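# Structural overview for review
Residue-level listing of the chains:
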Amino acid sequence: MKYQVNEKGYYGDFGGAYIPEMLYPNIEHLRQQYLEIMQERQFQKEFQQLLKDYVGRPSPLFFAERLSEKYGTTIYLKREDLNHTGAHKINNTVGQILLAERLGKKRIIAETGAGQHGVATATVCALKGLECVVYMGEVDIERQAPNVARMKMMGAKVIPATSGSKTLKDATNEAMRDWINNPVDTHYIIGSVVGPHPYPDMVARFQSVISEETRKQLKEKTGSETPDHVLACVGGGSNAMGMFYHFLDDVDVNLIAIEAAGKGVESGESAATTLLGKEGVLHGSRSILMQTADGQVVEPYSISAGLDYPGIGPQHAHLFKVKRAKYVSITDDEAMQAGLLCARLEGIIPAIESAHAFAYLEKMKFSGNETVVICLSGRGDKDLDTYMRYFDL
Amino acid sequence: MNRLNQLFKNTSKPILSIYYTAGYPALESTLDIAEKLEQAGADFIEIGFPYSDPLADGPVIQNSSQKALENGMTLHVLFEQLKDLRKRVTIPVLLMGYVNPVLQFGVENFCKACAEAGVDGVIVPDLPMYEYEEMYKDYFIDNNLTNIFLVTPQTSEERIRKIDGLSNGFIYLLSSNSTTGKSTGISGDSETYFSRIQSMNLENPTMIGFGISDSTSFNKAAQYTRGAIVGSAFVKFLDTENALNQIPQFISEIRG
Ligand SMILES: Cc1ncc(COP(=O)(O)O)c(C=O)c1O
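Residues numbered from 1 in each chain as written. Chains lettered and ligands numbered in written order. Predicted model: local features only at pLDDT ≥ 70, side-chain atom pairs only at ≥ 80, totals over all residues. Heavy atoms only, no water.

### With respect to the overall build of chain A
Quick note on the threshold: Comment: elements are numbered from the N terminus, with helices defined as DSSP H or I runs of at least four residues and strands as E runs of at least two. It is over C-alpha atoms that the radius of gyration is taken, and the globule rule equals 2.2 Å times the number of residues to the power 0.38. Contact criterion: two residues are considered in contact whenever any of their non-hydrogen atoms come within 4.5 Å of each other.
What chain A contains, in helices and strands, is 16 helices and 14 strands. Expected size for 393 residues packed as a compact globule is a radius of gyration near 21 Å; at 19 Å, chain A falls within 12% of this value. Each of the three principal axes of chain A carries a C-alpha extent, and together these read 55 × 45 × 40 Å. For chain A, the share of sequence-separated contacts (at least 6 apart) that also reach a separation of at least 24 residues comes to 74%.

Structure (structure tokens):
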């Protein structure tokens, strides 16, 4: 429990709801309702049903034999890449769309970086017949064209964010502005464990199904519910939070969060938030973010659009500060090589985001037979263009 | 009692406040604009300190903030410029901006720097009431700074009462739930909400902001409150040629 949010919306020093008054009624309404709604029998029934029949859960826990052989340890992959729409993001959007219905909202907005969250949101909006508007940085629209097409095909309107770095943080600003201007009929489906309280907690709860299943699957396969190491990449931190959630209180489980170092931590083109950031407020919560001495947000960089974010969720900031999880970083090049290796050894092309987690295996030292679980947060279809260009395929 | 309280106490005509962004259009324009505004008859001013991610602002103020940052504006530069504030300007001055630059500056240091510069109050829209009360209120009080809260058409009566209790300058009523520069004019719905606030008989005076861009909206606002704040319309005006010398015309047109 000590790693979870308190009644004021804080994880230690981090969290809260730093929002202008224009957003207060919506956030407050959500805060008062979310736990109650999520605990309703009917809600849970519908949520579980959709996770099973629509998303395709439980996602398999796959023993990666050849990777295990290479690294001399036992490696399992939590296959979020096999979910409908190809990433973990849909666990959260299925949950939030059911919540939005119960809040009486008619219009859904979302931000997206890699486009995975945008696609996952457009998907559930089509499923429920709700209007969907997705904000996406102009730069990301270019590098994730297939996802833009998927969103449009499912009836979503994709609006380019043209301010600032024209990536995820700017798309998030635009989504918040939209919500300010449409306070009554609209629900904002945030795509990660960021934003004002209660979003980080709500999204973590929806994603916690990842570790809930993993424990059961590990028990079946190894006889023990807990592994030695758990690895996940961190953009805002939702797949990592979902992967860590049910292991937080098992202090013997090593939790490792992998950030994007971009062209190198010292290169000026990086998204390694815990290394480069300081405490501050971004998008409604107090956390760790990359910023200048004057408190201006620094534009991040990563080859992977989903990790190209200058902050991390407040719960991650807390886990970092109290050292419950270890935060490390992986460069573009290391991630690309790891993606290729996974394709060659396991016949699985990972999303470049997830490939960052795989790359960390190179830096670990294993003694004997340790168990490692990696969150394979998404598949690489959306990244084929980037892979092709990088490897001259 | 600071300059702001005095203004509300001693003024009977509608009060006009102007918002603009420090360091825009040029890094050094901050005090020149303040001086011109006072000469032109503005009653008080709100100087925005820029932030890279102004999520409550529309394109006009986003743009002025970005330009100001490119021009080199920071809180340190601003306080350097404000050393001459009280040599050149006598009307009340508020600073307005987002919480993160203030946190990096240090809230206590920020409040002290405001007091030293002769700043009368602060508007930080994304500093929540809870955090203000629990962590920062004393710094404001020690430095005789007024913290201004916003109220929207959706703000509950209970919350407005609480805000009234925490305020000691004025309460900033948003004409509609929107980002800055979004709406123009005052709708019938807004008037219903202004009447509702008026009938609450709050301790603090109220001012209306957002959507005030001409004499019609200004004078309508003044029917329900002590006056109004013009932001985006003025910032947009600053982009026109020879704007600094046209400020008197701008102000007299708003007053109508
Ligand atoms: C496959 C995949 N993994 C990871 C992420 C990063 O997000 P988060 O850190 O919230 O899991 C994204 C974001 O788009 C993604 O698409």
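This is not the end of the story, as more comes after the structure.
### Some details on the pattern of salt bridges
This is how the line gets drawn: The rule for a salt bridge is simple: a side-chain nitrogen of Lys or Arg has to be within 4 Å of a carboxyl oxygen of Asp or Glu. With a 1.4 Å probe rolled over the protein chains alone, any residue whose accessible area is under 20% of its type maximum counts as buried; one over 50% counts as exposed, and the rest are partly exposed.
Taken as a whole and assessed by the stated rule, the structure comprises 38 salt bridges over all chains. Among the salt bridges present, the one from arginine 159 of chain B reaches glutamate 21 of chain A, with a minimum N-O distance of 2.8 Å. Separated into two different chains, arginine 159 of chain B in helix α9 (residues 157–166) and glutamate 21 of chain A in the loop between β2 (14–15) and α1 (24–39) make up a pair that spans both. Across the salt bridge formed by arginine 102 of chain A and glutamate 46 of chain A, the nearest N and O atoms sit 3.0 Å from each other. With arginine 102 of chain A in helix α4 (residues 89–102) and glutamate 46 of chain A in helix α2 (residues 41–55), this residue pair connects regions lying 56 residues apart in the sequence. In this structure arginine 102 of chain A comes out as partly exposed when scored by relative accessible area, which is 29%. The exposure class assigned to glutamate 46 of chain A is partly exposed, which follows from its relative accessible area of 23%. A single network of salt bridges, built from pairs that share partners, joins Glu40, Glu46, Glu101, Arg102 and Lys128 of chain A.

### Some points on the interface of chain A and chain B
We apply this condition: Values labelled buried area give the accessible surface lost by two parts on being combined, using a 1.4 Å probe and summing over both. Pairs of N or O atoms within 3.5 Å make up the polar contacts considered here, provided that, within protein, one atom can donate a hydrogen while the other can accept it, and that residues adjacent in sequence are counted only when both atoms are side-chain atoms.
Contacts between the two partners involve 36 residues from chain A and, on the opposite side, 37 residues from chain B. Together, the buried faces of chain A and chain B total about 2,900 Å²; carbon and sulfur atoms form 52% of this surface. Contact with chain B buries surface across chain A, with Glu21, Met22 and Arg177 of chain A losing the most and accounting together for 22% of the total. Taken together, the links from chain A to chain B amount to two salt bridges. The interface formed by chain A and chain B includes 22 residue pairs in polar contact (both at pLDDT 80 or more). When residues of the side of chain A that touches chain B are traced back to their parent elements, those giving at least two are α1, α8 (168–181), β11 (278–282) and β12 (285–289) of chain A. For the side of chain A that touches chain B, the element with the most residues is α8 of chain A, which contributes eight residues.

### Overview of the domain arrangement of chain A
All names here are of chain A. Stated formally: These domain boundaries are the output of an automatic or database domain assignment.
Under the domain assignment used here, chain A contains domain 1 (22–50 + 89–203) and domain 2 (56–87 + 208–391). Each of domain 1 and domain 2 was reduced to a C-alpha centroid, and the two centroids are 22 Å apart. Counting from both sides, the interface comprises 30 residues of domain 1 and, opposite them, 32 residues of domain 2. Summed over both sides, the interface between domain 1 and domain 2 buries roughly 2,400 Å², with carbon and sulfur atoms accounting for 56% of that surface. Along the contact surface separating domain 1 from domain 2 lie zero salt bridges. Those elements that provide at least two residues to the side of domain 1 that touches domain 2 are α4, α5 (116–128), α6 (138–143), α7 (145–153), α8 and α9 (199–207). Among the elements that line the side of domain 1 that touches domain 2, the one with the most residues is α8, at five residues.

### Observations regarding the packing of helix α10 (residues 188–198) of chain B against helix α11 (residues 215–224) of chain B
Residues and elements named next belong to chain B. The condition that has to hold: The angle between two axes is taken between their N-to-C directions and runs from 0 to 180 degrees, where each axis is a line fitted to C-alpha atoms and a helix contributes only its stretch in contact. Any angle that is under 35 degrees is reported as roughly parallel, and any over 145 degrees as roughly antiparallel; angles of 65 to 115 degrees are reported as roughly perpendicular and all others as oblique. Under the grouping applied here, Gly and all other residues not named as nonpolar or charged are polar, the nonpolar ones being Ala, Val, Leu, Ile, Met, Phe, Trp, Tyr, Cys and Pro and the charged ones Asp, Glu, Lys and Arg.
For the pair α10 and α11, the least separation of the axes is 9 Å and the interaxial angle reads 30°. Comparing the axis directions of α10 and α11 gives the class roughly parallel. Here α10 contributes Glu191, Phe194, Ser195 and Gln198 to the contact with α11, which in turn contributes Lys220, Gln223 and Tyr224. Here the contact of α10 with α11 is built from residues that sort into two nonpolar, three polar and two charged.

### Considerations on the layout of surface pockets
The following threshold applies: Grid points spaced at 1 Å over the protein atoms alone were grouped into cavities, where a 1.4 Å probe fits but cannot get out, and pockets, open sets with protein on both sides within 12 Å along at least five of seven lines, with lining residues defined by an atom within 4 Å of a point. Grid points are joined across faces, edges and corners, and a volume is the space filled by probe spheres set on the points.
If you add up the space inside the largest pocket, you get close to 820 Å³. If you trace the largest pocket, you find 33 residues lining it, with Tyr24 and Glu28 of chain A together with Met129, Tyr130 and Arg159 of chain B closest to the centre. Residue assignment for the lining of the largest pocket shows that the elements contributing at least two residues are α1 of chain A together with α8 (129–142) and α9 of chain B. Broken down by element, the residue count for the lining of the largest pocket peaks at seven residues, all from α1 of chain A.

### Concerning the state of the cysteines
Residues and elements named next belong to chain A. Applied cut-off: Counting rule for disulfides: a pair of cysteine sulfur atoms within 2.5 Å.
What the rule picks out here adds up to zero disulfides over all chains. As a non-bridged cysteine, cysteine 375 has cysteine 233 as the owner of its nearest cysteine sulfur, 7.1 Å distant. Of the residues examined, cysteine 375 reaches a relative accessible area of 0% and is grouped as buried.

### A closer look at the site of the ligand
Residues and elements named next belong to chain A. Using the following cut-off: Nearness here has a simple test: a residue counts as near a molecule or strand if at least one of its heavy atoms is within 4 Å of that partner. Note that accessible areas follow from Shrake-Rupley with a 1.4 Å probe, and for residues the cover is restricted to the protein chains shown. In this description, a molecule resides in a pocket or cavity if more than half of its atoms sit within 2 Å of the grid points defining it.
The environment of the ligand is made up of 18 residues, and the closest members are Ser192, Gly235, Gly237, Ser238 and Ser377. Within the backbone of glycine 235, a nitrogen or oxygen atom sits 2.7 Å from an oxygen atom of the ligand. Relative to its free-state accessible area of 390 Å², the ligand is covered by the protein chains to the extent of 97%. Of the pockets mapped on this structure, the ligand occupies the largest cavity. The residue makeup of the shell around the ligand includes at least three contributed by each of domain 1 (22–50 + 89–203) and domain 2 (56–87 + 208–391).

### A closer look at unusual backbone geometry
Cis peptide bonds are those with omega within 30 degrees of zero, and the linkage from histidine 197 of chain A to proline 198 of chain A qualifies with 15°. Of note, proline 198 of chain A is situated in the loop between β8 (186–188) and α9. Omega for the bond connecting tyrosine 24 of chain B with proline 25 of chain B falls within 30 degrees of zero, at 0°, which places this linkage in the cis form. Relative to the assigned elements, proline 25 of chain B resides in the loop between β1 (15–21) and α2 (29–40). For threonine 85 of chain A, which is not glycine, the phi torsion reads 75° and is therefore positive.

### Looking at the sheet that holds strand β7 (residues 157–161) of chain A
Residue and element names in this part refer to chain A. Here is the rule we go by: Whether two strands pair comes down to DSSP finding at least two bridges between them.
If you walk across this open sheet you meet the four strands as β7-β6-β5-β8, and the pairing is parallel. What marks the edges here is a single partner per strand, and that holds for β7 and β8. Strand-to-strand, the axes of this sheet are offset by a mean angle of 25°, without reference to chain direction. Both strand β6 (residues 131–137) and β7 contribute to a ladder of five bridges, which runs parallel.

### A look at helix α13 (residues 314–321) of chain A
Residues and elements named next belong to chain A. In terms of residue burial, α13 counts as a mostly covered element, since six of its eight residues are buried. Looking only at α13, the buried set comprises Pro314, Gln315, His316, Ala317, His318 and Leu319. Next to the buried residues of α13 lie β1 (10–11), β2, α9, α11 (238–244), β12 and β13 (325–331).

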